[in-house]
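Chains, contacts and geometry: an overview
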Amino acid sequence: MPQTTSFHEGQDLVSPLLTWGKTGGGDSQKLCIDDMLRRHCGEFGAWQLIHFILTSLAWALEAFHTMVMIFADREPAWTCVSGAGCSGVCGLEPGSWEWSGGPGSSTAAEWGLVCENKYKVGLVQALFFGGCMIGAGVFGHLSDSFLGRKGSLTVVCIMNAIFGCLTAFSPNFWIYTLLRLLTGFSTGGVGLCAFVLATEPVGPAKRGVAGMSTFYFFSTGIALLSGIAYIFKSWRSLYIATSIPSIVFVLLVIPFLSESPRWYLVRGKIDDAMNVMRAIANSNGNHLPEGVFLGLDERTNDNSADIEIYKAELSSKQAISGSLIDVIRSPLTRFRLFLAVAINFLCSVVYYGLSLNVVNLQTNLYLSVLLNAVAEMPAYTLTAILLDRFGRKPLAIGTLWFSGFFCILGTMMKSDGIWRVVRMVCGVLGIFGMAGTYNLLFIYTTELFPTVVRNAALGCATQAAQMGAILAPFVVVLGGVLPFAVFGLCGFSAGLMAFYLPETLNLPLYDTMAGMEDAEKALKAPLE
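Residues numbered from 1 in each chain as written. Predicted model: local features only at pLDDT ≥ 70, side-chain atom pairs only at ≥ 80, totals over all residues. Heavy atoms only, no water.

Here we look at the overall build of the protein
- Scanning the protein from terminus to terminus reveals 19 helices and four strands.
- Here the contacts in the protein between residues at least 6 apart in sequence split such that 84% fall between residues at least 24 apart.
- About 21,200 Å² of surface is accessible on the protein, with carbon and sulfur atoms providing 67% of the total. (Helix = DSSP H or I, 4+ residues; strand = E, 2+ residues; numbered from the N terminus. Contact = heavy atoms within 4.5 Å. Areas by Shrake-Rupley, 256 points an atom, 1.4 Å probe, with all protein chains shown as cover.)

If you want it as structure tokens, here you go:
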């Protein structure tokens, strides 16, 4: 395997991987991956469909490990032992009341996480998302470097299975907190690795809809979780039941997944990349002609190079490996990263904040979680339909402002009578808009950065989203109209920031910084 080096250690990231020139002989054609998918392999055929579905199942696993806290850490119903009227557990003597489902029904019941200890439930939640924030950055970098997309997804799923099962045997609250932190660390890498692995082999015309469809698996996971939690009433058995699917995924699904051809290409493994492209073409009923092989981005104009010379030169090159430092060095990607981080942070505050407000309704918990998950799906459908018609940028601005408008409208509603229902409707519509945005941001962020730093940038944006998730519960605690005011301000601010992002509709997924920067110069040239 070629030696890996980072570009800030001696190799300029923006220099092309190969110097194209006439090397003599051979009728060969160099194509970038998007062109090869369009012309020969098929943009979204049977191969991509099966690969997409199998890979996206990981999103349901992320939903299990993330949302299980809703049921495991809940405060269950309780009754008075004496039969006399009780106004609240905090003012009762020990032994005068008991949990309806027994002390093993939740962590709050088993370890007394109520009254003055209720803050510990929020602490566990915050630390879980803190672990997600760290894990997103770590595995975002690893999946761009030597570990790859498939390798990183395998590692995080194994870690999730181990930590999830160990959580079920926590002897006390602090061990439980530590294991939830570790679970968050591994969970933070699941979604971004699965998303990139699922969408990179898809052609540009179908990539938007495919990317938007990944979140159906997340919502389906939440819906399934409500049924699993209804069956397994004990929080310990619930953690085991939600961790076993990760083991099944590693053993029965991951062996059938292919590594991303884009990752192979930028790592200098052209034979592996070509094998994947041939498999895509064959499965889709197409034929990849002899003499056609992969090149990086727009470095494909000179087709006089012999393929064997090309392979030898590529193999002798050091693999391209980028990092966030390289993203920050480039003015183009630095500005994009700043906007992506800020928008993801604000969007997460609104999404998780509004979700917590809906879950806190005094209704059946299992039914509430199920309805919340189902309610998000129309937003995904509508966004997917409009994505390629209006583009990423207008849709991002529209959904952010749609959510922000109804949040601001919610601040004007009273908290009694019919206005309470109107405020609830405003919250649901706010979630509807923000669910569409949250879905869109993954595909949008993916298209803003080249392959060599894509997962690192997406991991950074995901870290920002996790910071927003940590902040959201504290905003909800403010009570009254203040949460709606904060959510509305966040929505409108994020929409304004989206104005400064470029449109990526029908643009290729660039492999290197050089390809992206050359394309930007070409777009600006006619305007100068």
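Remarks on the nonpolar core
- Within the largest apolar cluster, 110 residues are counted, with the highest numbers of intra-cluster contacts made by Trp-59, Leu-153, Phe-249, Tyr-352 and Phe-487.
- Here Phe-249 is in contact with Leu-54, Thr-55, Leu-57, Ala-58, Leu-61, Leu-153, Cys-157, Ile-254 and Leu-257, once residues within four sequence places are set aside.
- In terms of nonpolar packing, the next biggest core, distinct from the first, is built from 20 residues, Tyr-264, Val-276, Ile-280 and Val-292 among them. (Core = buried A, V, L, I, M, F, W, Y, C linked by side-chain atoms within 4.5 Å. Buried < 20%, exposed > 50% of the residue type's maximum accessible area, 1.4 Å probe, protein only.)

Description of the pattern of salt bridges
- Scanning the model with the defined rule gives seven salt bridges in all.
- Across the pair Arg-207 and Asp-34 runs a salt bridge, and its minimum N-O distance is 2.8 Å. Taken as a pair, Arg-207 in helix α7 (residues 204-231) and Asp-34 in helix α1 (residues 33-41) lie far apart in primary sequence, 173 residues in all. A single burial state applies to Arg-207 and to Asp-34, both of which are buried.
- When the shortest N-O distance is used, the salt bridge between Arg-149 and Glu-200 registers 2.8 Å. Taken together, the residues Arg-149 in helix α5 (residues 148-167) and Glu-200 in the loop between α6 (173-199) and α7 connect sequence positions 51 residues apart. Across this residue pair, the class does not change: Arg-149 and Glu-200 are buried.
- Here the salt bridges do not stand alone but share partners, grouping Asp-34, Arg-207 and Arg-262 into one network. (Salt bridge = Lys/Arg side-chain N within 4 Å of Asp/Glu carboxyl O.)

Remarks on the packing of helix α4 (residues 119-144) against α6
- Relative orientation of the contacting elements α4 and α6 amounts to 40°, with a least axis distance of 6 Å. As summarised for this structure, α4 and α6 are arranged oblique, according to the angle between their axes. Of the two elements, α4 crosses α6, and the hand of that crossing is right-handed.
- By residue class, the composition of the contact of α4 with α6 is 16 nonpolar, eleven polar and two charged. (Axes fitted to C-alpha atoms, helices over the stretch in contact; angles between N-to-C directions. Parallel < 35°, antiparallel > 145°, perpendicular 65-115°, else oblique. Left-handed = near helix turned anticlockwise from the far one by under 90°. Nonpolar A, V, L, I, M, F, W, Y, C, P; charged D, E, K, R; others polar.)

Re the packing of helix α2 (residues 46-72) against helix α8 (residues 235-252)
- Running from N to C, α2 and α8 point in directions that differ by 170°, and their axes come no closer than 10 Å. Considering the angle they form, α2 stands roughly antiparallel to α8. For the pair formed by α2 and α8, the contact residues are Leu-54, Thr-55, Leu-57, Ala-58, Leu-61, Phe-64, His-65, Val-68, Phe-71 and Ala-72 on the first element and Trp-235, Leu-238, Tyr-239, Thr-242, Ser-243, Pro-245, Ser-246 and Phe-249 on the second.

Some thoughts on the side chain of Arg-74
- Positionally, Arg-74 belongs in the loop between α2 and β2 (78-80).
- The charged side chain of Arg-74 is buried without a salt bridge, its nearest counter-charge being Asp-73 at 8.6 Å.
- Polar side-chain contacts of Arg-74 include one of 2.7 Å to the backbone oxygen of Phe-71.
- Beyond its immediate chain neighbours, meaning those up to four positions away, Arg-74 contacts Met-69, Ser-105, Ser-106, Ala-108, Lys-233, Leu-365 and Tyr-366. (Lys, Arg positive; Asp, Glu negative; His and termini not counted. Polar contact = N/O pair within 3.5 Å; in protein donor to acceptor, adjacent residues only side chain to side chain.)

Some thoughts on the confidence of the model for the protein
- Looking at the protein, pLDDT values average 80 and 82% of them are 70 or higher.
- Confidence, expressed as mean pLDDT per element, reaches its minimum in the protein at helix α11 (residues 307-316) with 54 and its maximum at α8 with 94.
- Counted against residues more than four places away or in other chains, residues 1-26, with its pLDDT under 50, gives 71 contacts. (pLDDT = per-residue confidence, 0-100.)

Quick word on the packing of aromatic side chains
- By the definition in use, this model includes 25 aromatic pairs.
- Where Trp-59 meets Phe-218, the ring centres are 6.2 Å apart and the plane angle is 85°; that geometry is what we call edge-to-face. Remark: Phe-218 occurs in helix α7 and Trp-59 occurs in helix α2; sequence separation between them is 159 residues. Per residue, the accessibility class of Trp-59 equals that of Phe-218, and both read buried.
- Over the ring of Phe-173 we find Lys-120, and its NZ or CZ is 5.3 Å from the ring centre.
- Over the ring of Tyr-230 we find Lys-233; its NZ or CZ atom is 4.0 Å from the centre of that ring. (Phe/Tyr/Trp six-rings, centres within 6.5 Å; stacked < 30°, edge-to-face > 60°. Lys NZ or Arg CZ within 6 Å of the ring centre and 35° of its normal.)

Re the side chain of Ser-348
- For Ser-348, the position within the fold is in helix α13 (residues 331-359).
- Ser-348 gets classed as buried once you look at its relative accessible area, which sits at 0%.
- Beyond its immediate chain neighbours, meaning those up to four positions away, Ser-348 contacts Gly-353, Tyr-438, Ala-465, Gly-468 and Ala-469.

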